[in-house]
Amino acid sequence: MKTCLVVDDSKVIRKVARHILETLDFTVEEAEDGRAALDHCTGSGMPDVVLLDWNMPVMSGMEFLRALRRVEGGDAPKVVFCTTENDIAHIRAAIEAGADEYVMKPFDRETLHSKLQIVGAA
Amino acid sequence: MEISASSRQILAGLLESRTGQQIGIGRRWRVDAALAPIARDGGFTDVDELVKRIASGQAPALAEKVLEALLNNETYFYRDKLPFDLLFAEPLKRIEAARMKERRLSIWSVGCSTGQELYSIAMSLAEQATRWRGWTIDLVGTDISRTATERARAGRYSQFEVQRGLPVLQMVRWFEEEGAGQWRIAQPIRDMVRFENRGIADRPPMPGMFDIILCRNVLLYFADSMKRLAYTRLADAIRPEGALMLGAGETVIGQTDRFVSDPDSRGLYRPAPGAEARRVA
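Only a predicted model underlies this, so the values are computations on that prediction, with no experimental measurement involved. (Residues numbered from 1 in each chain as written. Chains lettered and ligands numbered in written order. Predicted model: local features only at pLDDT ≥ 70, side-chain atom pairs only at ≥ 80, totals over all residues.)

K.L.:
Sorry if this is basic, but what is going on with the overall build of chain A here?
P.N.:
Across its full length, chain A holds five helices and five strands. In terms of C-alpha radius of gyration, chain A reaches 13 Å, essentially the compact-globule figure of 14 Å for 122 residues. By the burial criterion, 42% of the 122 residues in chain A qualify as buried. Long-range pairs, those at least 24 residues apart, make up 62% of the contacts in chain A with a sequence separation of at least 6. (Helix = DSSP H or I, 4+ residues; strand = E, 2+ residues; numbered from the N terminus. Rg over C-alpha atoms; globule rule 2.2 N^0.38 Å. Buried ≥ 20, exposed ≤ 12 C-beta atoms within 10 Å, placed from the backbone. Contact = placed C-beta atoms within 7 Å.)

Written out as structure tokens, the structure is:
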């Protein structure tokens, strides 16, 4: 079973993502901001996939991604941005920073599933 | 509210007479969901009232709208992914070698709906620009739904559609952001494809010319007699060394003698030996 860390400051989004991911046979872990997510990755081990919001308090998704890619083993998780920042400039910036995929909110099960297939996690 | 059995029968008759498609058990739930908004917008009390109006023969435009709503236009970019990987491996190499002299590659997406399948192929070929330099490439999509082919031609997709199945790198490379959640496939890719509004029972767009035909998740909606006609049309359209791809779980076995399984590529079919002679005859 693969592990997905859902990083989003919205409890509702985390709940929706958890529900979808569990139907796709993922073990789901949650973090409410980039800092908590980074602590989780360095403390509890790297997940297979990170589903990552952009705008969050404490540490943004982009700051988390840059920090993650610098730590040992941090290049391993596939990072899928999942955000309302739906313009091409943000998408390009995410790719340049090392994101593997990008989901524009709102999303549904099929979209998320297809993106996880693309990164080889589902 | 669930629609009556008689309404269902009228709708099934309309769909089959106009398109050859049947409303199977697995598709019944869609009928209510697809027609409820049309009934509501038209001021009908329910779908049964809407069907009565269509059955009167007095509202051809409304009947057309209902027909369009009943067609299943489900599709997405690189649907199921694996078939595309399969196609771009051995079969395309084989066809490329066979067509090296003419340097012409022709691909037909049957029941292309809103075009994602054909655009997926166009993008993949465009990403192999060096390989196909100097080749004439025909990418043709056909569908019985006028609305779907018009949308395919426009190449505009909603935020949901553009990200379903499509890797973000390809989205960034081949799509333009139009704002308000709309994305449009870039002109160079649109220029590679052609969409026509025609059904499977119609004469093929380029008889005897196609190297690859994709007819995925289309024939499962047809009665056996219509399937036989469809296979005849496909056999008339394909080149002797061509490849036919059906949907996952679909097979020609027991359906037609015009195609046989491709021993080298699981899930692909080749014209049966002698198919060309039959076509000429």
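Okay, back to it.
K.L.:
Can you walk me through the overall build of chain B in this structure?
P.N.:
What chain B contains, in helices and strands, is 13 helices and 10 strands. The C-alpha radius of gyration of chain B comes to 20 Å, within 12% of the 19 Å expected for a compact globule of 281 residues. Within chain B, the fraction of its 281 residues that count as buried is 38%. Here the contacts in chain B between residues at least 6 apart in sequence split such that 72% fall between residues at least 24 apart.

K.L.:
Even after reading the chapter, I still don't get the nonpolar core, so can you show me in this structure?
P.N.:
In summary, soluble globular proteins display a tendency toward joint burial of nonpolar side chains. Counting residues in each nonpolar core, the largest one holds 90 residues, and the members touching the most others are A:Leu51, A:Leu52, A:Phe81, B:Ile213 and B:Leu244. At six residues, the largest contribution of residues to this core is made by helix α7 (residues 116–126) of chain B. For B:Ile213, the contacting residues outside a window of four places in its chain are B:Trp108, B:Val110, B:Leu234, B:Ala237, B:Ile238, B:Gly242 and B:Leu244. (Core = buried A, V, L, I, M, F, W, Y, C linked by C-beta atoms within 7 Å.)

K.L.:
I would appreciate a short explanation of the pairing of strand β5 (residues 101–104) of chain A in the present structure.
P.N.:
Each regular strand displays side chains that alternate between the two surfaces of the sheet. Here β5(A) shows no split at all, with A:Glu101 and A:Val103 on one side and A:Tyr102 and A:Met104 on the other all buried. You can see the chain leave strand β4 (residues 78–83) of chain A, run along helix α4 (residues 88–96) of chain A and come back into β5(A), and the turn it takes is right-handed. (Right-handed = clockwise from strand over helix to strand, strands pointing away.)

K.L.:
Quick question: what am I supposed to make of the sheet that holds β5(A) here?
P.N.:
Strand pairing within a sheet occurs via backbone hydrogen bonds; the two strands may be parallel or antiparallel. Residues and elements named next belong to chain A. Read across the sheet, five strands follow the order β2-β1-β3-β4-β5 without closing on themselves; strand pairing throughout is parallel. Strands at the two margins of the open sheet, each flanked by one partner only, are β2 (26–31) and β5. Across the sheet, the mean angle from the axis of one strand to that of its neighbour is 20 degrees, orientation sign disregarded. In this structure, strand β1 (residues 2–7) lies alongside β2, joined through six bridges in parallel fashion. Bridging across to β2, Thr 3 finds its partner in Thr 27. (Pairing = 2+ DSSP bridges. Axes fitted to C-alpha atoms, helices over the stretch in contact; angles between N-to-C directions.)

K.L.:
Even after reading the chapter, I still don't get the domain arrangement of chain B, so can you show me in this structure?
P.N.:
Frequently, the measure chosen for interface size is the accessible area that the parts lose on association. Residue and element names in this part refer to chain B. According to the domain assignment, chain B consists of domain 1 (5–70) and domain 2 (82–280). In this structure, domain 1 and domain 2 have C-alpha centres spaced 29 Å apart. The residue inventory of the side of domain 1 that touches domain 2, partitioned by class, reads no nonpolar, five polar and one charged. (Domains from an automatic or database assignment. Nonpolar A, V, L, I, M, F, W, Y, C, P; charged D, E, K, R; others polar.)

K.L.:
Is there a simple way to explain the packing of helix α2 (residues 28–41) of chain B against helix α3 (residues 47–55) of chain B in this structure?
P.N.:
To characterise two packed helices, one gives the angle between the axes of the helices and the distance between these axes. All names here are of chain B. One can describe the packing of α2 onto α3 by two numbers: an axis separation of 9 Å at closest approach and a directional angle of 80 degrees. Put simply, α2 runs roughly perpendicular to α3. In this structure, α2 contributes Asp 32, Leu 35, Ala 36, Ile 38 and Ala 39 to the contact, and α3 contributes Val 47, Glu 49 and Leu 50. Residue composition of the contact of α2 with α3, grouped by class: six nonpolar, no polar and two charged. (Parallel < 35°, antiparallel > 145°, perpendicular 65-115°, else oblique.)

K.L.:
Could you clarify how one ought to interpret the sheet that holds strand β9 (residues 259–261) of chain B in this entry?
P.N.:
All names here are of chain B. The strand order across the open sheet built from seven strands is β6-β2-β1-β7-β8-β10-β9, with neighbouring strands paired in mixed fashion. Each of the sheet's edge strands pairs with one partner strand only, and the pair in question is β6 (193–197) and β9. Sheet twist, expressed as the mean angle between neighbouring strand axes with direction ignored, is 25 degrees. The pairing of strand β1 (residues 104–110) with strand β7 (residues 210–215) spans three bridges and is parallel. Across the sheet, residue Trp 108 finds its bridge partner in β7, namely Ile 213. Across the sheet, α7 is in contact with β1, β2 (136–143), β6 and β7; its angle to β2 comes to roughly 165 degrees.

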